[in-house]
Amino acid sequence: MPEAVETMDGWYCLHDLRKIDWTKWKKASEQERKEAVDELQKMLREWEEVSEARDGSHAFYSIMGQKADIILMILRPTMKELEEIELRFNKSKFAEFTTPSYSYVSVVELSKYMSKENDNPEDNPGVRARLKPKLPQWDHICFYPMDKRREGNDNWYMLPMDERRQLMYEHSLTGRKYAGEIKQIITGSMGFDDWEWSVTLFAKDVLQLKKIVYEMRFDVVSARYGEFGPFYVGNILKTDEIPAYLAV
Ligand code: VOV
């Protein structure tokens, strides 16, 4: 039986994607809209303090196209804290003007494919920091869930560990070419959500998102074993810019 790779798991993660009901928003009074915007900004500023204290992190972006209007990605030490945030957002005035479009529950995950025998990567401060990452506030985000295929001869879970390690190594070489251009957060979601991993990429230049995803399609691990869910791409929505974004 092929051996499962050990994973290291960090902060819990919620991707919360919503559509804005623009008709309802436009019909609301100016006072109501102001209350909703003020409360949303207040919540985000409180979460920025949590992030400064290194007790969690979040990202707030607008989404292109009709699949969603906004994405809130939240990282917290416990699933309970994620729930508190989800509830708080749901109970806010602004949420009255949104409808859910997609959500994803997972946990920041690093695997031990690349660790050497008898190595204890958890003792490495760099690894610990990657398990509790500060999300970069770069201009663009790309989020998608994915699986590793389990079909006939293309079954990732039947491959011996050494073969999977080699394929992951090749994957990492492609990834490293994008150092400084792309920051990736991989979260594991087996038992938590409908796909096996979520991929969240941050980029300063939006085109780099297309380039890395395209180049990785040729890595055997993606070409042969990758299956992908819906892609969401968007632009940073800074707290101060929210009034302009929502102005009608
Ligand atoms: C931005 C670059 C980048 C870099 C440097 C990078 C490197 C690495 C390393 C070293 C490792 C293994 C150890 C670990 O850290 O877990 C991984 C792991 C993983 N990756 Fe990756 N990845 C990148 C980027 C990157 C992208 C763009 C994708 C999506 C693939 C695509 O085709 O759309 C991806 C996927 C994954 C997944 C799903 C896993 C877990 C697979 C598993 O079976 O466990 N990843 N990844």
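Structure: see above.
The following paragraphs examine the structure supplied in this document. (Residues numbered from 1 in each chain as written. Predicted model: local features only at pLDDT ≥ 70, side-chain atom pairs only at ≥ 80, totals over all residues. Heavy atoms only, no water.)

### Section: the nonpolar core
Right, on to step 1. Core analysis: the largest hydrophobic core is formed by 22 residues, its most contacted members being L40, W47, F60, F89, F94, I242 and L246.
Right, on to step 2. Listing elements by their share of this core, those giving two or more residues are strand 1 (7-20), helix 2 (30-52), strand 3 (70-76), helix 3 (79-91) and helix 8 (242-246).
Right, on to step 3. In terms of residues, this core owes the most to one element, helix 2, which gives 6 residues.
Right, on to step 4. In this structure, Y61, I63, I141 and F202 belong to the second largest nonpolar core, which totals 19 residues. (Core = buried A, V, L, I, M, F, W, Y, C linked by side-chain atoms within 4.5 Å. Buried < 20%, exposed > 50% of the residue type's maximum accessible area, 1.4 Å probe, protein only. Helix = DSSP H or I, 4+ residues; strand = E, 2+ residues; numbered from the N terminus.)

### A word on the site of the ligand
Right, on to step 1. Around the ligand there are 23 residues in total, and S111, Y144, K148, H171 and S222 lie nearest to it.
Right, on to step 2. Take S222: an N or O atom from its side chain is 2.6 Å from an oxygen atom of the ligand.
Right, on to step 3. Here the shell around the ligand takes 5 residues from helix 5 (residues 161-176), the largest share from any one element.
Right, on to step 4. For the shell around the ligand, a count of residues per class yields 14 nonpolar, 6 polar and 3 charged. (Near = heavy atom within 4 Å. Polar contact = N/O pair within 3.5 Å; in protein donor to acceptor, adjacent residues only side chain to side chain. Nonpolar A, V, L, I, M, F, W, Y, C, P; charged D, E, K, R; others polar.)

### Remarks on the coordination of the iron atom of the ligand
Right, on to step 1. Its sole protein donor being H171 (NE2), the iron atom of the ligand sits 2.1 Å from that atom.
Right, on to step 2. Here H171 is to be found in helix 5. (Donors = N, O, S within 2.8 Å, 3.2 Å for Na, K, Ca; no water.)

### Some words on the environment of M146
Right, on to step 1. One can find M146 in strand 5 (residues 140-148).
Right, on to step 2. Judged by relative accessible area, which is 11%, M146 ranks as buried.
Right, on to step 3. Linking M146 and M43, residues 103 residues apart in sequence, is a C-alpha distance of 30 Å.
Right, on to step 4. When residues no more than four places from it in sequence are discounted, the contact partners of M146 are W195, E196, W197, V199, G226, E227 and F228. (Contact = heavy atoms within 4.5 Å.)

### With respect to the packing of aromatic side chains
Pairs of aromatic rings are described using the distance from one ring centre to the other and the angle between the two planes.
Right, on to step 1. Counted under the stated rule, the structure contains 16 aromatic pairs.
Right, on to step 2. Pairing W25 with F94 gives two aromatic rings, centres 6.0 Å apart and planes at 85°, and the pair type is edge-to-face. Taken together, the positions of W25 in helix 1 (residues 22-27) and F94 in the loop between helix 3 and strand 4 (98-111) put the pair 69 residues apart, joining distant regions of the chain. No difference in accessibility class separates W25 from F94, as the two residues are buried.
Right, on to step 3. One aromatic cluster is present, formed by W25, F89, F94 and F97 through successive ring pairs.
Right, on to step 4. Over the aromatic face of F97 sits the side chain of K24, whose NZ or CZ is 5.6 Å from the ring centroid. (Phe/Tyr/Trp six-rings, centres within 6.5 Å; stacked < 30°, edge-to-face > 60°. Lys NZ or Arg CZ within 6 Å of the ring centre and 35° of its normal.)

### What to know about helix 6 (residues 207-216)
Right, on to step 1. Along helix 6, the residues that are buried comprise Q208, L209, I212, V213 and M216. Down the axis of helix 6, the sector holding all buried residues measures 130°, keeping them to one side. Away from the buried face of helix 6 by more than 90 degrees, exposed residues K210 and Y214 are located. (Arc of directions from axis to C-beta.)

### Considerations on the packing of helix 2 against helix 3
Right, on to step 1. As a packed pair, helix 2 and helix 3 sit with axes 11 Å apart at the nearest point and diverge in direction by 165°. One element, helix 2, and the other, helix 3, form an angle in the roughly antiparallel class. The interaxial crossing formed by helix 2 with helix 3 has right-handed handedness. Where helix 2 approaches helix 3, its residues L40, M43, E46 and W47 are matched on the opposing element by I85, R88 and F89.
Right, on to step 2. Grouping the amino acids of the contact of helix 2 with helix 3 by side-chain chemistry returns 5 nonpolar, no polar and 2 charged. (Axes fitted to C-alpha atoms, helices over the stretch in contact; angles between N-to-C directions. Parallel < 35°, antiparallel > 145°, perpendicular 65-115°, else oblique. Left-handed = near helix turned anticlockwise from the far one by under 90°.)

### What about the side chain of S106?
Right, on to step 1. Positionally, S106 belongs in strand 4.
Right, on to step 2. Judged by its relative accessible area of 0%, S106 falls in the buried class.
Right, on to step 3. Here T187 takes part through its side chain, which lies 2.7 Å from a polar atom of the side chain of S106.
Right, on to step 4. Setting aside residues up to four positions removed in sequence, S106 forms contacts with Y12, C13, T187, G188, S189, F192 and S198.

### Observations concerning the pattern of salt bridges
Right, on to step 1. One pass over the full model with this rule turns up 16 salt bridges.
Right, on to step 2. In this structure, E96 engages K93 in a salt bridge whose closest nitrogen and oxygen atoms are separated by 3.3 Å.
Right, on to step 3. Relative accessible area serves as the criterion here: at 41%, E96 is assigned to the partly exposed category.
Right, on to step 4. Judged by relative accessible area, K93 falls into the buried class, the value being 17%.
Right, on to step 5. The salt bridge involving D154 is made with R224; its shortest N-O contact spans 2.6 Å. (Salt bridge = Lys/Arg side-chain N within 4 Å of Asp/Glu carboxyl O.)

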